[in-house]
Amino acid sequence: MSPAIGRRNSLVRRLLSGVAGSLAAGVALLAVAMVVAQVYAGMTGIPGPGIAEVIGHLVVAAVMVVLQQRSDHEPGRVGLAMVFGVYVIAGATLWFWWWS
């Protein structure tokens, strides 16, 4: 059993964790949309996002979901660091693949 089970986190920690979970879910949905766009592009012959970008989004989404899930079971600073890891990965993903 995890040491965090039965232990109540602060309101701020729960809020940060909830938003991180939403980010992880959003990036996972984005990764699925990238797969659909690549398949559609391949079937119609139009340029798609590219295999490397699709695989990258799938890997990032998996890492974010795992970090978020583990952060819910880790008490203290380790769990909080995992939550902030989700934020950093989400920001880096948006910056490198979507904004720059």
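Everything below is about the structure shown above.
Read on for an overview of the structure. Residue positions are given per chain, counted from 1 along the sequence in the order it is written. Only residues with pLDDT of at least 70 are given local features in this predicted model, and only at 80 or more are side-chain atom pairs given and counted; all residues enter the totals for whole chains, interfaces and linings. Only hydrogens and water are set aside; all other atoms, that is, all heavy atoms of the structure, feed into the side-chain values.

A word on the overall build of the protein. Starting at the N terminus, helices and strands are each numbered in turn, a helix being any DSSP run of H or I of at least four residues and a strand any DSSP run of E of at least two. If you tally the helices and strands in the protein, you get three helices and zero strands. In the protein, the succession of helices and strands from N to C terminus is α-α-α. Based on the C-alpha atoms only, the size of the protein along its principal axes is roughly 55 × 30 × 20 Å. Expressed as a percentage of its 100 residues, the buried residues of the protein come to 27%. Here a residue-residue contact requires only that any non-hydrogen atoms of the pair lie within 4.5 Å. Contacts in the protein between residues at least 24 apart in sequence constitute 68% of all its contacts with a sequence separation of at least 6. A 1.4 Å probe and the Shrake-Rupley method give the accessible areas. Residues count as covered only by the protein chains that appear here. Counting every atom, the protein has about 6,400 Å² of accessible surface; 74% of that belongs to carbon and sulfur. Think of it in three bands: with a 1.4 Å probe and only protein chains considered, a residue is buried below 20% of the maximum accessible area for its type, exposed above 50%, and partly exposed in between.

Looking now at the packing of helix H1 (residues 11–44) against helix H3 (residues 76–99). Between H1 and H3, whose axes approach to 10 Å, the crossing angle comes to 35°. Judged by the twist between their axes, the crossing of H1 over H3 is left-handed. Of the residues in H3, those touching H1 at Arg 13, Leu 16, Ser 17, Val 19, Ala 20, Leu 23, Leu 30 and Met 34 are Gly 76, Gly 79, Leu 80, Val 83, Phe 84, Val 86, Tyr 87, Ala 90 and Trp 98. Side-chain classes are defined by residue name, with Ala, Val, Leu, Ile, Met, Phe, Trp, Tyr, Cys and Pro counting as nonpolar, Asp, Glu, Lys and Arg as charged, and the others, Gly among them, as polar. Among the residues making up the contact of H1 with H3, the classes are represented as 13 nonpolar, three polar and one charged. A fitted line through C-alpha atoms represents every axis, and for helices the fit uses only the stretch in contact; the resulting angles, taken between N-to-C directions, go from 0 to 180 degrees. Throughout, a crossing is termed right-handed when the near helix is turned clockwise from the far one, and left-handed when it is turned anticlockwise from it by less than a right angle.

Below, the discussion takes up the packing of aromatic side chains. Aromatic rings in a pair are described by how distant their centres are and how their planes are angled relative to each other. The criterion for an aromatic pair is that two Phe, Tyr or Trp rings (for Trp, the six-membered ring) have centres within 6.5 Å, with stacked assigned to planes under 30 degrees apart, edge-to-face to planes over 60 apart and tilted to the rest. Tallied over the entire structure, the rule returns one aromatic pair. Between Phe 84 and Tyr 87 the ring centres are 6.0 Å apart and the planes differ by 45°, which places this aromatic pair in the tilted class. Of this pair, Phe 84 and Tyr 87 are both found in helix H3, three residues apart, which corresponds to roughly one turn of the helix. Overall, the relative accessible area of 40% leaves Phe 84 in the partly exposed class. On the accessibility criterion, Tyr 87 (23% relative accessible area) is partly exposed.

Attention now moves to the side chain of Gln 68. Among the structural elements, Gln 68 can be located in helix H2 (residues 51–71). Apart from the residues within four sequence positions on either side, Gln 68 is in contact with Ser 17, Ala 20, Gly 21, Ala 24 and Val 86.

Let's shift gears to the side chain of Ser 17. Secondary-structure assignment places Ser 17 in helix H1. Polar contact criterion, stated in full: a pair of N or O atoms within 3.5 Å, where within protein one must be able to donate a hydrogen and the other to accept it, and residues adjacent in sequence count only if both atoms are side-chain atoms. A polar contact of 2.8 Å, which involves the side chain of Ser 17, links it to the side chain of Asp 72. Apart from residues lying up to four places away in sequence, Ser 17 is in contact with Gln 68, Ser 71, Asp 72 and Val 83.

Below, the discussion takes up H1. Take the number of residues in a helix, subtract one, and multiply by 1.5 Å to get its expected span. For H1, spanning 34 residues, the distance from its first C-alpha to its last is 49 Å, which sits close to the expected 50 Å at 1.5 Å a residue. Along H1, the residues classified as buried are Arg 13, Ser 17, Ala 20, Ala 24, Val 27, Ala 31, Met 34, Gln 38 and Ala 41. Residue Gly 45 follows H1 closely and has a positive phi angle near 85°.

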